[in-house]
Structures are given as C-alpha cells and as structure tokens.
Amino acid sequence: LQAYLEDNNDTLKLRYESEIENYKENERVRAAHILVQVGPEASEVATQEAREKAENARERILGGEEFAAVAAEISEDPGSSDEGGDLGVFERGVNVPEIDNAAFSLEPGELSEIVQSAFGFHLVQVTERLPARTRPFEEVAGEMAGEDAAAQAASDRATRLSEALSSQIEAGMTLEEAAASLDLGPSY
C-alpha cells in the first residue's frame, strides 16, 4: 500500500481534489445519554415516576457520581447502557431531534436538563465537539489507495478468470463446464 501511495501520489491528489465533497464532515459530537423509558401513551403516574427517576440520576451526576456509572445502573437503552450510555460520535440527524438538540447545544463536560422524547426521559452529556471540516489528503490518502488497490485486484481477477474461461471454451468445454472448473458456479 505504501508503494502504491508513493507511485500514485499525484493521481490520488487529483482525485482527492475532484472528489473533495466526499471528504467533508459535518459538525459532530461525542455524547452519552441515560434513558428512562416511558411511552407517550403511559399514565400520568408512570410518566411522573419516570421523570423523577431521571431527575434523581441527574442529581447524582451533579453531586459527583460518574455519568457512565449512573448510566450503566439506570439507563434503559439496551444499545448504550452497557457502554455507560456512550452514543459514540455522531452528527445532527442521527438521533431523535430531542437528543440532537440537547447534544449540539452543550459544551464538553456539560450535562443537559431532562429531555423528553417519544422514548422517555433522557439526560445527555457531551464529552467532545468536533467542528465541521474537510478531511485532509494526508488523512484519506491511505483509504483512497486501499480502494484503488482493491478495485485493481478485482479487475485483475476478472481479467484472469475471463482469460481462463475463454481458453477452456476454446479447448472444447461448455461455458457451464468451464465455469465449474474455475469454481464459478451459482452461489445461491
């Protein structure tokens, strides 16, 4: 891959410049959340109990407990509770609007007020903000070279198989026999 990069650096730079839009990233955040589930059809009592549970979690965090520990104990989000509530890095539009709005209004380390969505009550904490940017050529050159190398390998394999099929058909095999001899039969 390194040799390919060195031999094709100018070509890769030209491709990078012509495809620059592919390397733009929107503003992103790394955030975690705690979810206390309660549906929109829940009773007033169940909704109030869920809110109180979320408020209790918020007070614990503001009192010094680690967000991840409280999330692991309380969060009812099966996708993130085992990870301390970690939602990873995301851009606006990936999560429900209520989480997005909270996350993109916070600075790293800040804890949101209680946020309600159709899923229940959330607490959101941002750990990192990543501004919109264009990934530099140096960062994407290896990916581009890998894509080119994979495409070239696929093309080379297709050429070899095509030539082998042609040779075997010229030698008297049927297309089906030649394909089977090269293990190119149906894969369904």
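Treat the numbers as computed from the prediction; the structure is a model and nothing was measured.

## Details of the overall build of the protein
Assigned secondary structure in the protein consists of six helices and six strands. The secondary structure elements of the protein, listed N-terminal to C-terminal, are α-β-β-α-α-β-α-β-β-β-α-α. A compact globule built from 188 residues would reach a C-alpha radius of gyration of about 16 Å, whereas the protein, at 27 Å, exceeds it by more than 25%. Seen through its C-alpha atoms, the protein measures out along the principal axes to roughly 80 × 40 × 25 Å.

## A closer look at the packing of aromatic side chains
Across all of its chains, the model carries three aromatic pairs by this definition. Note on phenylalanine 90 and phenylalanine 104: the rings are 6.1 Å apart at their centroids and 80° apart in plane angle, and the pair reads as edge-to-face. Note that phenylalanine 90 is positioned in strand β3 (residues 86–91) and phenylalanine 104 in the loop between α4 (97–103) and β4 (115–117), a separation of 14 residues in sequence. Ring pairing ties together the aromatic residues Tyr16, Tyr23 and Phe137, which thus form one cluster.

## Quick look at the packing of helix α1 (residues 2–18) against helix α5 (residues 137–170)
Their axes nearest at 10 Å, the elements α1 and α5 cross at an angle of 105°. Overall, the two elements α1 and α5 adopt an arrangement that is roughly perpendicular. Every residue of α5 that contacts α1 at Tyr4, Leu5, Asn9, Leu12, Lys13, Arg15 and Tyr16 is listed here: Phe137, Val140, Ala141, Gly142, Met144, Ala145, Glu147 and Asp148.

## Brief notes about the nonpolar core
Judged by nonpolar contacts, the single largest core of 16 residues is most densely connected at Ile34, Ile61, Phe67, Val70, Ile74, Phe121 and Leu123. Elements with a minimum of two residues in this core: β2 (28–37), α2 (44–62), α3 (67–74) and β5 (120–130). Ile99, Ala102, Phe104 and Val124 belong to the second largest nonpolar core, which has 11 residues in total.

## Digging into the sheet that holds β3
Spatially, β3-β2-β5-β4 is the arrangement adopted by the four strands of the open sheet, whose pairing is antiparallel. Each edge of the sheet is formed by a strand with only one pairing partner; in this case those strands are β3 and β4. Along the sheet, successive strands turn relative to each other by an average axial angle of 45°, direction set aside. The pairing of β2 with β5 spans 10 bridges and is antiparallel. Bridging across to β5, histidine 33 finds its partner in valine 124.

About the cut-offs
- Residues numbered from 1 in each chain as written.
- Predicted model: local features only at pLDDT ≥ 70, side-chain atom pairs only at ≥ 80, totals over all residues.
- Heavy atoms only, no water.
- Helix = DSSP H or I, 4+ residues; strand = E, 2+ residues; numbered from the N terminus.
- Rg over C-alpha atoms; globule rule 2.2 N^0.38 Å.
- Phe/Tyr/Trp six-rings, centres within 6.5 Å; stacked < 30°, edge-to-face > 60°.
- Axes fitted to C-alpha atoms, helices over the stretch in contact; angles between N-to-C directions.
- Parallel < 35°, antiparallel > 145°, perpendicular 65-115°, else oblique.
- Contact = heavy atoms within 4.5 Å.
- Core = buried A, V, L, I, M, F, W, Y, C linked by side-chain atoms within 4.5 Å.
- Buried < 20%, exposed > 50% of the residue type's maximum accessible area, 1.4 Å probe, protein only.
- Pairing = 2+ DSSP bridges.

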